[in-house]
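Residue-level listing of the chains:
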Amino acid sequence: MIREPLIFEISDKGKRAFRLPKLDIKAKKHIFEGLAIRDEIADFPQVSEVEVVRHFTRLSQQNYCVDLGIYPLGSCTMKYNPKVNEKVAALDGFAQSHPLAPADMVQGNLEIIKLVEDYLGEIAGMDAFTLQPSAGAQGELAGMMLIHACHEARGNPRKIVLIPDSAHGTNPSSAHLCGYTVQEIKSNENGTVDLEDLAQRMTEDVAALMVTNPNTLGVFEYDICKIAEIVHAKGGFVYMDGANMNALTGICRPGDMGVDVIHINLHKTFATPHGGGGPGSGPVGVKVILEPYLPIPRVEKKDGAYVLNFDRPKSIGRVRSFHGNFLVIVRALAYILSLGPDGIREIAEMAVLNANYIRKSLENDYHLKYTTPTLHECVFSDKVQKDHGVSNLDIAKRLIDLGVHPPTMSFPLIVHGALMIEPTETESRRDLDMFIEAMKQIAREAKEDPGILKSAPHQSYVRRLDETAAARHPIVKWERE
Amino acid sequence: MSYIALSDQDKKEMLARVGVSSVDELYGCLPEEIKLKRRLNLPEALSEPELIRRFEDLAASNTYPDHISFLGAGIYRHFIPTVVDYLSSRGEFVTPYTPYQPEVSQGTLQVIFEYQTLICQLTGMDISNASLYDGAMAAAEAVLMASRLNNKPKILVARSLHPQYRETIRTYIKNMGVRIEEIEFGDCGGIKTADLMSKLDQDTSAVLLQSPNFFGVVEDLKKFADLAHEHQALFIVAVAEAASFGVLEAPGKFGADVVCGEAQSFGITPSFGGPFLGFMGCKKEHLRQLPGRIAGQTKDVDGKRGFVLTLSTREQHIRREKATSNICTNQALCALRATMYLETLGHDGLREMAVQNMQKAVYAAEKLGKIEGVKARFEGRFFNEFVLEFPGDVGRINDGLQAKGIVGGLDLKGFYPELVNCALFCVTEVHTKKEIDRLASILKKVHR
């Protein structure tokens, strides 16, 4: 494969890939007088158009992606991203519209926001949604702020948030940003919330429990209603991290299990592409009691037209500018409308079938710490392979050689050497079998030829990279030598 | 439409292997009483042609894009070269996850590394992160970063910072033990120096101002950086119109400690407000407090150069509640578009674009300012936005413009009650002389 230099290394003075029309007014020199003007931007790229195109085309070829094959990252829901959704989101009516335009000129956009809020409300069983948060973590922050504001209005914002030890790292981090102290809840032998531990810690100092359901092991919290009762009895709220909503759509609704606040990741459950790390969108749904605190503005319908309501005195304010990652929301609406009620239910059903098919197929090859039934994902570990000196990292890197993307590694923290597998509903049998076969081959190699695993990957554009050196001596930009 | 890739036969065989007779059985681990006993109340599924028609109808009920618009205020219309759309829509860029497995993500990682370099070159900062959600959140993160760095309780924020950025900062700091005081703007449209001086003290964690500010006015960064530093406060510059970097000196040159803001102008459509591109750069001594992902250079076992996500001990997946920020998913694809845009425009193209913005905005301001009864509200020099004061209500004037196919300047009284009869106009390189002249001639008729 051609090794692609950095753009700065192929830059030549005077080259350009773009030209504007000539200025159609008379240029005036004096407009720059007295201002700190820069004459040049040192080392800024100068390349031709064909060089730009080849640069990025070659770089693109160094990426694995969903369009290439199975991407079974646990808790990430890397499903197929429908192409028609890209097409509709790019329509000028959406892409060229300005959020500060008068409401009567953007009725289509406001209708989209209202529709998605309503549809997510129906799917999650919540009374109201805000689409403003930019991603899951910002949804968590907004959700916890709603809880804080509501407790505060009742006279005491409280101090503590309870979070199971299997939770995503964003949960404690978001709770902390809200000024809360985090206390961990132990998982029991099934990998679910330990009710006794919860009951003991649940005091009137506790603002909320943040729970992921199904949790990061893929296990459904069977006692979710009891959990909610314990939390509610002491005046706390139940916050659900909806990262794993893909297991539940159309099957059951968080709002029907005592959940008061939930965030959903449109870039997971609702098939908007991950884009190499974003943009996402993290809508937050609430029960009616928390509705007055939602971020401003709210889209409302008045006399047949959509309007923006800023007059919400209890609102927590804004968590970002404008109306959130709107074009991501457009894609999610396209997805909901193309699937309909049966298709939405089919998401969950087939995600759970695919995950259980993988689990069953690999249970004799890899160790499963928790044997509790799982839904849309399963978490194996490297315990068996460790006997041969092979770690989950070696397994992951060898999978790259075999043409599939590795699962999520070393998470959740309660499973040592974790390999967290979530195939999603859109994988074909052929791709599932390819992944299973690759995993089985690696299990064999671990016994027979562990060296090949420890030196993997062998086939990739670069081989195993020194991450320790990168952190110890950070080089985070290009500089002329 | 369904995106399921399993045949009925596949499903049957897979269920058999799992050892259950139906998918329902796999949901046996849920309590019966919480299961939904009905179909979801959603519209029936649409085919692709129906779906496209539905969205074309929705798009058509947005009449805004059919108008010539002079709205800016944090969102800017700039020409986007064709190669940006063409290259950024490749599935290899659109459909991967965060590059946690660097060996199969070198494309994304190298792009982030180039993006970080470009942001450093433009801002004059030593380091940049891989992106934040938007300018407002970047400003809020900058404030939190400052308070972590020096543990002081007070942040001075220019009232000429974008109103939505200020609102977002207030939301973010509410429970973090930091308070905000606003610095007034003067007749020039820039910060009132005396007001800043009277509020600066040893409790001041940082001074945050925007330049060009919300009114388009370019601030005297050198003066305010020195004032902040005299009081051991950090100096944070927010930039909402990143195109200005093409012609205005980098804030880092004047001693800014953090430069943050919105880079939507770099190849990202207005998009009704998102997804956009929050950026943030800082001095290298603050590296460990910078929020968000960072890509770094390293070597593989054969000694070849490669890139990885690095310094992740700052981040939530390692540090949990002790992380510098809760951000996980960022705006990677927007950062990719910005990288493509900047590399396509290149040194000369970016500068030419920025200069045209200034020239056309000055032309428009002078032309509109000559209309009887209309005058510039501020004396300060501006980049591509300016505030005009009218003899009457802006809402009524804008109605008149709208009837002629023009969206006028942003009515400011909703954001600044003291700025009655004032509107913020934005002119970029995409506006033609003809359009500006047309605005002037219609304005002449409708403003009284």
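Everything discussed here concerns the structure shown above.
This text gives an overview of the structure that appears in the document. Because the structure is predicted, anything quoted here is derived from the model rather than measured.

## Regarding the overall build of chain B
Link 1 in the chain: Scanning chain B from N- to C-terminus turns up 14 helices and 15 strands.
Link 2 in the chain: Dimensions of chain B, computed from C-alpha atoms along their principal axes, come out at roughly 80 × 55 × 50 Å.
Link 3 in the chain: By the burial criterion, 69% of the 448 residues in chain B qualify as buried.
Link 4 in the chain: Considering only residue pairs separated by 6 or more positions, chain B has 71% of its internal contacts joining residues 24 or more positions apart.
Link 5 in the chain: In the form shown here, chain B has an accessible surface area of approximately 14,600 Å², with 51% of it arising from carbon and sulfur atoms.
Link 6 in the chain: One finds the centroid of the 52 positive side-chain charges in chain B at a distance of 2 Å from the centroid of its 56 negative side-chain charges.

## Quick look at the pattern of salt bridges
Link 1 in the chain: Tallied over the full model, the rule gives 60 salt bridges over all chains.
Link 2 in the chain: When the shortest N-O distance is used, the salt bridge between E152(A) and K174(B) registers 2.7 Å. Placement of the pair is E152(A) in helix 5 (residues 136-153) and K174(B) in the loop between helix 8 (163-173) and strand 4 (179-183), with the two residues belonging to separate chains.
Link 3 in the chain: Note on K174(B): relative accessible area 48%, which makes it partly exposed.

## Considerations on the sheet that holds strand 10 (residues 367-368) of chain A
What links the strands of a sheet is backbone hydrogen bonding, and the strands pair in either a parallel or an antiparallel sense.
All names here are of chain A.
Link 1 in the chain: Pairing is antiparallel in the open sheet, where four strands are placed in the order 10-11-13-12. Across the chains shown, the open sheet's two edge strands, defined by having one partner strand only, are strand 10 and strand 12 (408-409).
Link 2 in the chain: The sheet contact formed by strand 11 (residues 378-381) and strand 13 (residues 418-421) spans four bridges and is antiparallel. Bridged to S381 within strand 13 is A418.

## With respect to the state of the cysteines
All names here are of chain B.
Link 1 in the chain: Overall, the coordinates contain zero disulfides over all chains when judged by the stated rule.
Link 2 in the chain: Summary of cysteine pairing: C260 is not part of a disulfide, and the nearest cysteine sulfur, belonging to C282, is at 11 Å.
Link 3 in the chain: For C260, a relative accessible area of 0% corresponds to the buried category.
Link 4 in the chain: Take C426: it sits in no disulfide, and the sulfur closest to it among the cysteines is that of C422, at 17 Å.
Link 5 in the chain: What makes C426 buried here is its relative accessible area of 2%.

## Here's the deal with a positive patch on the surface
Link 1 in the chain: On the surface, a cluster of positive charge is contributed by K404(B), R438(B), K444(B) and K445(B).
Link 2 in the chain: You can see K444(B) is positioned in helix 14 (residues 433-446).

Rules behind the numbers
- Residues numbered from 1 in each chain as written.
- Chains lettered and ligands numbered in written order.
- Predicted model: local features only at pLDDT ≥ 70, side-chain atom pairs only at ≥ 80, totals over all residues.
- Heavy atoms only, no water.
- Helix = DSSP H or I, 4+ residues; strand = E, 2+ residues; numbered from the N terminus.
- Buried < 20%, exposed > 50% of the residue type's maximum accessible area, 1.4 Å probe, protein only.
- Contact = heavy atoms within 4.5 Å.
- Areas by Shrake-Rupley, 256 points an atom, 1.4 Å probe, with all protein chains shown as cover.
- Lys, Arg positive; Asp, Glu negative; His and termini not counted.
- Charge placed at Lys NZ, Arg CZ, Asp CG, Glu CD.
- Salt bridge = Lys/Arg side-chain N within 4 Å of Asp/Glu carboxyl O.
- Pairing = 2+ DSSP bridges.
- Disulfide = S-S within 2.5 Å.
- Patch = residues over 30% accessible without salt bridge, like charges linked within 9 Å, V, L, I, M, F, W, Y side chains within 5 Å.

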